[in-house]
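Each chain, letter by letter, is given below.
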Amino acid sequence: MQIKSKSGRDFELPSDQEEADINAGIAADPDTRELTDKEFRRLRPMGRPKAEITKERITIRLSPDVVAKFRATGSGWQSRMDKALQEYLQDHSPEDIERLG
């Protein structure tokens, strides 16, 4: 059976026979076992926690020298670029920004 994830990816689920073969393999392997419901509930997601406020992914064209200077500051350069733009917006009106274009 094929299912689609929330992100749109297609997955092929194992057939009943394949599932039975998988479970038989688990049962035959002395180094593994299925988790109990209690153990399964204790599992936590791995990786970075989800942010309360997420940023929007966009594509933007910037001058090579601007990108090079921010990249030269090391890891986190995109966040620093975002912060610099936020600070600029605090000090400038929409009309100021329009005049740049």
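Here the structure is shown first, and the text comes after it.
This structure is a prediction, so every number in the text was calculated from the model and none was measured.

**Q** I tried to follow the layout of surface pockets on my own but got confused; where do I start?
**A** One simple way to see leftover space: roll a probe sized like a water molecule over the atoms. Of the voids in this model, the largest pocket is the one considered here, and its volume is about 1100 Å³. Lining the largest pocket are 23 residues, with K55, E56, I58, Q78 and D82 sitting closest to its centre. Broken down by secondary-structure element, the contributors of at least two residues to the lining of the largest pocket are α3 (64-71) and α4 (77-91). Broken down by element, the lining of the largest pocket gets its largest block of residues, 6 residues, from α4. Class assignment of the residues belonging to the lining of the largest pocket gives a composition of 12 nonpolar, 5 polar and 6 charged.

**Q** Would you mind showing me how to read the pattern of salt bridges here?
**A** When charged atoms on two side chains of opposite charge get close, those side chains can pair. Applying the stated criterion to the full structure yields 5 salt bridges. The closest approach of N and O atoms between D10 and K4, which form a salt bridge, is 3.2 Å. Among the residues examined, D10 registers a relative accessible area of 49% and is labelled partly exposed. According to the relative accessible area criterion, K4 is exposed, its value standing at 56%. In this structure, D96 and R99 form a salt bridge, with 3.4 Å as the shortest nitrogen-oxygen distance. With D96 and R99 both in helix α5 (residues 94-100), this residue pair falls 3 residues apart, about one helical turn. Exposure remark for D96: the relative accessible area of 24% places this residue in the partly exposed category. The exposure class of R99 is exposed, given its relative accessible area of 64%.

**Q** When you look at a negative patch on the surface in this model, what are you seeing that I'm missing?
**A** Taken together, the side chains of E12, D16, E18, E19, D21 and E34 present a region of like negative charge at the surface. By the secondary structure assignment, D21 is in helix α1 (residues 16-28).

**Q** Explain a nonpolar patch on the surface to me, please; I cannot follow it from the model alone.
**A** The grouping of M1, I3, F11 and L13 at the surface amounts to a nonpolar patch, some 360 Å² of accessible area in total. Structurally, the position occupied by I3 is in strand β1 (residues 2-4). Classification of I3 as partly exposed rests on a relative accessible area of 37%.

Conventions adopted
- Residues numbered from 1 in each chain as written.
- Predicted model: local features only at pLDDT ≥ 70, side-chain atom pairs only at ≥ 80, totals over all residues.
- Heavy atoms only, no water.
- 1 Å grid on protein atoms, 1.4 Å probe; cavity = no way out; pocket = protein on both sides within 12 Å on 5 of 7 lines; lining within 4 Å.
- Points joined across faces, edges and corners; volume = space filled by probe spheres on them.
- Helix = DSSP H or I, 4+ residues; strand = E, 2+ residues; numbered from the N terminus.
- Nonpolar A, V, L, I, M, F, W, Y, C, P; charged D, E, K, R; others polar.
- Salt bridge = Lys/Arg side-chain N within 4 Å of Asp/Glu carboxyl O.
- Buried < 20%, exposed > 50% of the residue type's maximum accessible area, 1.4 Å probe, protein only.
- Patch = residues over 30% accessible without salt bridge, like charges linked within 9 Å, V, L, I, M, F, W, Y side chains within 5 Å.
- Areas by Shrake-Rupley, 256 points an atom, 1.4 Å probe, with all protein chains shown as cover.
- Lys, Arg positive; Asp, Glu negative; His and termini not counted.
- Charge placed at Lys NZ, Arg CZ, Asp CG, Glu CD.

Bear in mind that shape data such as this cannot, by itself, settle questions of function.
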